[in-house]
Amino acid sequence: MSTEKKKPNFATHLIAGGGAGMCEALACHPLDTIKVRMQLSRRNRAPGVKRKGFFTVGRDIVRKETPLGLYKGLGAVVTGIVPKMAIRFSSFEFYKSLAKVDPESGKIAASAVFFSGLAAGATEAVAVVTPMEVVKIRLQAQHHSMADPLDVPRYRNAAHAAYTVVREEGFMALYRGVSLTALRQSTNQAVNFTAYTYMKQYAQKIQPEYTELPSYQHLLLGLVSGAMGPLSNAPIDTIKTRLQRSEAKRGESAMTRIIYIAKDMFKHEGFRAFYQGITPRIMRVAPGQAVTFSVYEYIRAWLDRVKEPENGDSYSE
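J.: Whenever I open this one, helix α9 (residues 278–307) confuses me. Can you help?
T.: Side chains of residues three or four places apart in an α-helix project in the same direction, reflecting 3.6 residues per turn. Here α9 spans 42 Å end to end across 30 residues, near enough to the 44 Å set by a 1.5 Å rise per residue. For α9, the buried fraction is high: 21 of the 30 residues fall into the buried class.

J.: Can you walk me through a nonpolar patch on the surface in this structure?
T.: On the surface, Leu 220, Leu 223, Val 224 and Met 228 cluster together into a nonpolar patch covering about 320 Å² of accessible area. Within the fold, Leu 220 resides in helix α7 (residues 215–245).

J.: Would you mind going over empty space enclosed by the protein with me for this structure?
T.: Space left empty within the atom packing is revealed by a probe, the size of a water molecule, rolled over the atoms. Inspection of every chain in the model, using the stated rule, returns three cavities of 30 Å³ or more. Reported here for the largest cavity is a volume of approximately 320 Å³. The wall of the largest cavity is formed by 26 residues, among which Lys 84, Arg 184, Gln 185, Arg 284 and Val 285 lie closest to the centre. Of the residues that constitute the lining of the largest cavity, the class distribution is seven nonpolar, eight polar and 11 charged.

J.: Honestly, the packing of aromatic side chains in this entry has me stumped. Any pointers?
T.: Any two aromatic rings considered together are summarised by their centre-to-centre distance and by the angle between their planes. Scanning the entire structure with this criterion turns up 12 aromatic pairs. Consider the rings of Phe 54 and Phe 55, whose centres lie 4.8 Å apart with planes at 65°: the pair is edge-to-face. Between Phe 89 and Phe 293, the ring centres sit 6.2 Å apart and the planes meet at 85°, which makes this aromatic pair edge-to-face. Taken as a pair, Phe 89 in helix α3 (residues 74–97) and Phe 293 in helix α9 lie far apart in primary sequence, 204 residues in all. Put simply, the rings of Phe 89, Phe 92, Phe 193, Tyr 196, Phe 293 and Tyr 296 pair up and form one aromatic cluster.

J.: In this structure, what is going on with unusual backbone geometry? I would like to understand it.
T.: The general pattern is negative phi for most residues beyond glycine and trans for most peptide bonds. The backbone of Thr 66 shows a phi angle near 75°, a positive value even though the residue is not glycine. Given the relative accessible area of 19%, Thr 66 is considered buried.

J.: Explain the environment of Val 113 here, please?
T.: Structurally, Val 113 can be placed in helix α4 (residues 110–140). Along the chain, Val 113 and Asp 60 lie 53 residues apart, while their C-alpha atoms are 42 Å from each other. Beyond its immediate stretch of four places on either side in the chain, Val 113 contacts Phe 92, Ile 108, Phe 193, Thr 194, Thr 197 and Tyr 198.

J.: Got a minute to help me understand the packing of α3 against α4 in this structure?
T.: Remark: α3 packs on α4, axes separated minimally by 8 Å, with the N-to-C direction vectors making an angle of 165°. With respect to α4, the axis of α3 lies roughly antiparallel. The crossing of α3 and α4 is right-handed. Residues of the contact of α3 with α4, tallied by class, amount to 15 nonpolar, five polar and five charged.

J.: Looking at this structure, how should I read helix α5 (residues 158–169)?
T.: For α5, built from 12 residues, the straight-helix expectation of 16 Å at 1.5 Å per residue is met to within 8% by its first-to-last C-alpha distance of 16 Å. All of the buried residues in α5 are Ala 158, His 160, Ala 161, Thr 164, Val 165 and Glu 169. When α5 is viewed along its axis, its buried side chains cluster within an angular range of 160° and face the same direction. Among the exposed residues of α5, those pointing more than 90 degrees away from its buried face are Ala 159, Tyr 163 and Arg 167. Of the residues that open α5, the one with a side-chain oxygen 3.2 Å from the backbone nitrogen of Ala 159 is Asn 157. Just beyond α5, the residue with positive phi is Gly 170, at close to 95°.

J.: Please clarify how the pattern of salt bridges should be interpreted in this entry.
T.: A side chain of one charge can pair with a side chain of the opposite charge when the charged atoms of the two come close. Applying the stated criterion across every chain yields a total of 24 salt bridges. A salt bridge links Lys 52 to Asp 60; its shortest N-O distance comes to 2.7 Å. Notably, a salt bridge pairs Arg 300 with Glu 212, separated by 3.5 Å at the nearest N-O pair. A residue pair is termed long-range when its members are at least 10 positions apart, and Arg 300 in helix α9 and Glu 212 in the loop between α6 (178–206) and α7 qualify at 88 residues. In terms of burial, Arg 300 and Glu 212 fall into one category: buried. A single salt-bridge network, built from bridges that share partners, covers Glu 24, Asp 32, Lys 35, Glu 133, Lys 136, Arg 184, Asp 237, Lys 240, Arg 281 and Arg 284.

Basis of the calculations
- Residues numbered from 1 in each chain as written.
- Predicted model: local features only at pLDDT ≥ 70, side-chain atom pairs only at ≥ 80, totals over all residues.
- Heavy atoms only, no water.
- Helix = DSSP H or I, 4+ residues; strand = E, 2+ residues; numbered from the N terminus.
- Expected span 1.5 Å × (residues − 1).
- Buried < 20%, exposed > 50% of the residue type's maximum accessible area, 1.4 Å probe, protein only.
- Patch = residues over 30% accessible without salt bridge, like charges linked within 9 Å, V, L, I, M, F, W, Y side chains within 5 Å.
- Areas by Shrake-Rupley, 256 points an atom, 1.4 Å probe, with all protein chains shown as cover.
- Salt bridge = Lys/Arg side-chain N within 4 Å of Asp/Glu carboxyl O.
- 1 Å grid on protein atoms, 1.4 Å probe; cavity = no way out; pocket = protein on both sides within 12 Å on 5 of 7 lines; lining within 4 Å.
- Points joined across faces, edges and corners; volume = space filled by probe spheres on them.
- Nonpolar A, V, L, I, M, F, W, Y, C, P; charged D, E, K, R; others polar.
- Phe/Tyr/Trp six-rings, centres within 6.5 Å; stacked < 30°, edge-to-face > 60°.
- Contact = heavy atoms within 4.5 Å.
- Axes fitted to C-alpha atoms, helices over the stretch in contact; angles between N-to-C directions.
- Parallel < 35°, antiparallel > 145°, perpendicular 65-115°, else oblique.
- Left-handed = near helix turned anticlockwise from the far one by under 90°.
- Arc of directions from axis to C-beta.
- Polar contact = N/O pair within 3.5 Å; in protein donor to acceptor, adjacent residues only side chain to side chain.

Next up, the structure:
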């Protein structure tokens, strides 16, 4: 029996990545809503007003908008999650395939893995993530009660939000903040894939009895690697959120608006404002990556068994 590990094709990325992304979105979206509300908060502009913490923001959303308020913007996420994950994993593999392989170890250099993740993150940001984020944030920023039929919000759902943004601000408004989104996604995935890949290789090296690591180990590796990205790019994410929340203005370039937002935040709210929402973001991204990698690996291994029941080989990052 061949021991060569077969790489998954695009269909595998689509099914496994989509399934993993769907589980991650359903499990972690409430934390993302809390993060967005914290990043948009202007409370710390007023002197003597205490900042609202993670639990306080979550409690207020549930009390005023019902628990369903924590899932505002989920429709936009669910719509884009399958192509997003398929593009993430498939583009990562494509960029890795362009790198030079060490003839002795049969592996590519750590720098190649890092830059493959960097390019994969930028690819998904431009292709899917930016329009999805704009629509999601517009929905999450609304403070209406989900239980009151008379409390009609400006954006009723993801489709209506996308339609309204395009009608009132033009199609390119969906790509508002694309440079910051690409920067955030690329740094996230560069750190994420590099850390996960090398931790997984080490885990397999010290546990040669496993042809495929147990699901709980994928979960743990994803948790650790997922926590690294948010710490590296929190200011980028906060500025991006505020940029995508605001409406586009005629004659104002994206860079002008980004600089204005950054200066205004620092002037009125201080340096700490750039790290607002970091707690729920880590609590959302780290478990989210844990779920993503563990579910992805599980579904991919299952698909491999279905397609080639005689081949017990498994994919290695």
